[in-house]
Amino acid sequence: MKYSLILLFSILLSSAFAQQKQFTVDERGKYVHYEVVETKVGKDSLVSRAERFIKSNKRSFTKFTKTDSSVTSNGKMIIDKTILVASHPSGEVNYVFNFEAREGKYRYWITDLEYIPYNRNRYGNYVATTNIATPLEKAPGKLSAGTWKDILESVYSKATSLGENFKKTLATVQVENQPKKAQSISTKKW
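Residues numbered from 1 in each chain as written. Predicted model: local features only at pLDDT ≥ 70, side-chain atom pairs only at ≥ 80, totals over all residues. Heavy atoms only, no water.

Q: How should the pairing of strand 3 (residues 61-66) be read in this particular structure?
A: As a general feature of sheets, a regular strand has side chains that alternate between the two faces. Examined bridge by bridge, strand 3 and strand 4 (residues 70-83) share 5 bridges and lie antiparallel to one another. Across the sheet, residue K63 finds its bridge partner in strand 4, namely N74. (Pairing = 2+ DSSP bridges. Helix = DSSP H or I, 4+ residues; strand = E, 2+ residues; numbered from the N terminus.)

Q: Which parts of the structure should I look at to understand the pattern of salt bridges?
A: Two side chains with opposite charge may pair up if their charged atoms get near one another. Summed over the entire model, instances satisfying the criterion amount to 8 salt bridges. Residue E164 pairs with K167 through a salt bridge whose shortest N-O separation is 3.2 Å. Separated by 3 residues within a single helix, E164 and K167 lie in helix 3 (residues 145-171), roughly one turn from each other. Judged by its relative accessible area of 39%, E164 falls in the partly exposed class. Look at K167 and you get buried, because its relative accessible area is 19%. Each of D26, R28 and D112 takes part in salt bridges that share partners, so that together they form one network. (Salt bridge = Lys/Arg side-chain N within 4 Å of Asp/Glu carboxyl O. Buried < 20%, exposed > 50% of the residue type's maximum accessible area, 1.4 Å probe, protein only.)

Q: Before we go on, may I ask you to explain helix 2 (residues 43-56) in this structure?
A: For an α-helix, 3.6 residues make a turn, and residues three or four places apart therefore share a direction. Compared with the 20 Å implied by 1.5 Å per residue over 14 residues, the 20 Å span of helix 2 between its first and last C-alpha is a close match. Those residues of helix 2 lying buried are L46, V47, R49, A50, E51, F53 and I54. Where helix 2 is buried, its residues meet strand 3, strand 4, strand 5 (86-102), strand 6 (105-120) and helix 3. (Expected span 1.5 Å × (residues − 1). Contact = heavy atoms within 4.5 Å.)

Given below as structure tokens:
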């Protein structure tokens, strides 16, 4: 009886860990992280906040284009591989970040995810092994299926954390600090 309870508990525990979050697939067959958010903020304010978010994260985003109701940017995230305590970059993922706003709601999505593996060069630095990126939708062979699964999980967690940071930025009121004028010192009055 005791062994059957332990076996039942271990099966339930393993099935709970086996269910992991996955990317959804859009109409083009590409992985996408997509979300629509209801808000009380106006469209113009949302677009300016999204632009400010992209400009403040210069390491993640490379270039962007802006219209009156949308912002599109190319980005890059570094994927780390951790072994015990030490970690090193295993590759980078290039993506496209899209944002569109309407009155009362906005949507954003991260798509066109492409992986470029890193390798250690002769100087001990991790650099890209090739300039050719592999789309994340492309299934690898059986030998590298485990590492590809780890890469997908890492990309999904980084994409969701980027989305959460983006939603927090758009929800908060941002006040720009106006630089104070340098007061001139008068030597005639004291």
